[in-house]
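# Remarks on the overall topology
Chain residues, written in single-letter form:
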Amino acid sequence: MSDYHLHLYPHRRGESTPPPPEEIPLSHIERYVTAAAERGVHELAFTEHLFRCVESAEALGPFWEQAADPVTRGHTEADVRADRTMSLERYVEAILGAKDAGLPVLLGLEVDFVPGTVESVLELIAPYPWDVLIGSVHWIEGWWFDRRHSIHEWERRGHRRVYEQYFALETALADSGTVDVLAHVDRIKYQGQRLAEPPLDLYEGLVKAARRADVAIELSSAGLRHPIAEAYPAPPLLEMCRVAGLDITFASDGHLPEQAGWGHDEIRRLARDAGYTHTARFRARKRDLVPIIPPRG
Ligand SMILES: [Zn+2]
Ligand SMILES: [Zn+2]
């Protein structure tokens, strides 16, 4: 089985943690491969955040300026600046080097979606031989919605309105045709804010857009580690994806070697409960399907 969502380093906030080294050692990548193999996961796609790469500054622009609230705007800008320390060039070299060394890794990227930047982003990433591009929404009009420091935005905007804004962005991301897989599609629930009823109308719009764009959906164990304590996507949304014929990938969204393949028995179970029998596999952005191996235990 595979883990199609991995990062090389934890996020860096403020200035208290050292930035990742310029060179990414092969031994660091090997540690992910070893940890994943112990969980029965034998293919890894590294999908570093585009926004963490210094080269993305111009393409993405100062998107935090869209936030109306100066506190929210300041937090987003500070976190982006603290975490934007990697080199896209070095990252690609390291993963391709690991591939050449025979490690079972793929070259991916987490394309952080900012409306209006699609063309410049595509131009920036065009020169590299990606195996898989995953797309994510982390910001609503400059608000980093899954961080505690800006949690006041929920009350300012209203809970239903936040969900509407989030799913409008997810749907726009799908429609943009930029990526192969939509990552953590209901990440808006990260901090534990659920609506009284699952927003089936918003789910429906997203599923239709994913169908139109023929993108796969990521089934991620990361939510099980987050305050919401539920995989992405929620079971009713996963079921709607299956009914609509959308393919899935498995993901941990790990940011440390020991998180590679984390929670994959649980997400295999969830996939099977939703009626999935296969997962998508990518090579050079071409997809095929492989049967799901039953979870252990
Ligand atoms: Zn993400
Ligand atoms: Zn991620």
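Up top is the structure.
Parameters and conventions
- Residues numbered from 1 in each chain as written.
- Chains lettered and ligands numbered in written order.
- Predicted model: local features only at pLDDT ≥ 70, side-chain atom pairs only at ≥ 80, totals over all residues.
- Heavy atoms only, no water.
- Donors = N, O, S within 2.8 Å, 3.2 Å for Na, K, Ca; no water.
- Helix = DSSP H or I, 4+ residues; strand = E, 2+ residues; numbered from the N terminus.
- Buried < 20%, exposed > 50% of the residue type's maximum accessible area, 1.4 Å probe, protein only.
- Pairing = 2+ DSSP bridges.
- Right-handed = clockwise from strand over helix to strand, strands pointing away.
- Tetrahedral: all angles 85-135°; square planar, octahedral: opposite > 155°, others 65-115°.
- Contact = heavy atoms within 4.5 Å.
- Arc of directions from axis to C-beta.

## Concerning the coordination of the zinc ion (ligand 1)
The coordination sphere of the zinc ion (ligand 1) contains the protein donors Glu110 (OE), His138 (NE2) and His184 (NE2), at a distance range of 2.1 to 2.2 Å. All donors of the zinc ion (ligand 1) come from a single chain, and their spacing in sequence reads E-x27-H-x45-H. In this structure, the zinc ion (ligand 1) lies 3.3 Å away from the zinc ion (ligand 2), the two metals sharing Glu110 as a donor. Of this pair, His138 sits in the loop between β4 (132-136) and β5 (139-140) while His184 sits in the loop between β7 (181-182) and α8 (200-213), and the two are 46 residues apart along the sequence. Judged on exposure class, the residue His138 and its partner His184 are both buried.

## Examining the pairing of β4
Burial analysis of β4 places five of its five residues in the buried class, the great majority of the element. Bridging between strand β3 (residues 105-112) and β4 involves five bridges; their strand directions are parallel. In the strand pairing of β4, Gly108 is matched with Val132. For the segment spanning β3, helix α5 (residues 118-125) and β4, crossover handedness is right-handed. Where β4 and β7 come together, two bridges link them in parallel fashion. Looking across to β7, one finds that Gly135 is bridged to Leu182.

## Focus: the coordination of the zinc ion (ligand 2)
Coordination of the zinc ion (ligand 2) by the protein comes from His5 (NE2), His7 (NE2), Glu110 (OE) and Asp253 (OD), over a distance range of 2.0 to 2.3 Å. Classification of the site at the zinc ion (ligand 2) rests on its four donor atoms, whose angles at the metal span 79 to 165°, yielding the label irregular. Motif for the zinc ion (ligand 2), donor spacing along one chain: H-x1-H-x102-E-x142-D. Overall, the relative accessible area of 5% leaves Asp253 in the buried class.

## A short note on the environment of Ile140
Residue placement: Ile140 occurs in strand β5. Take Ile140: its relative accessible area is 1%, and that puts it in the buried class. In this structure the C-alpha to C-alpha distance between Ile140 and Ala168, which are 28 residues apart in sequence, comes to 9.8 Å. The residues touching Ile140, leaving out its near neighbours within four places in the chain, are Phe145, Arg157, Val162, Gln165, Tyr166, Leu169 and Ile188.

## Digging into helix α11 (residues 264-273)
All buried positions along α11 are accounted for by His264, Asp265, Ile267, Arg268 and Ala271. The buried side chains of α11 occupy one side of the element, clustering within an arc of 165° when seen end-on. Those residues of α11 that are buried are in contact with β1 (2-6), β8 (216-220), α10 (235-243) and β9 (248-251).

Take it as geometry only, folks, not as evidence of what the structure does.
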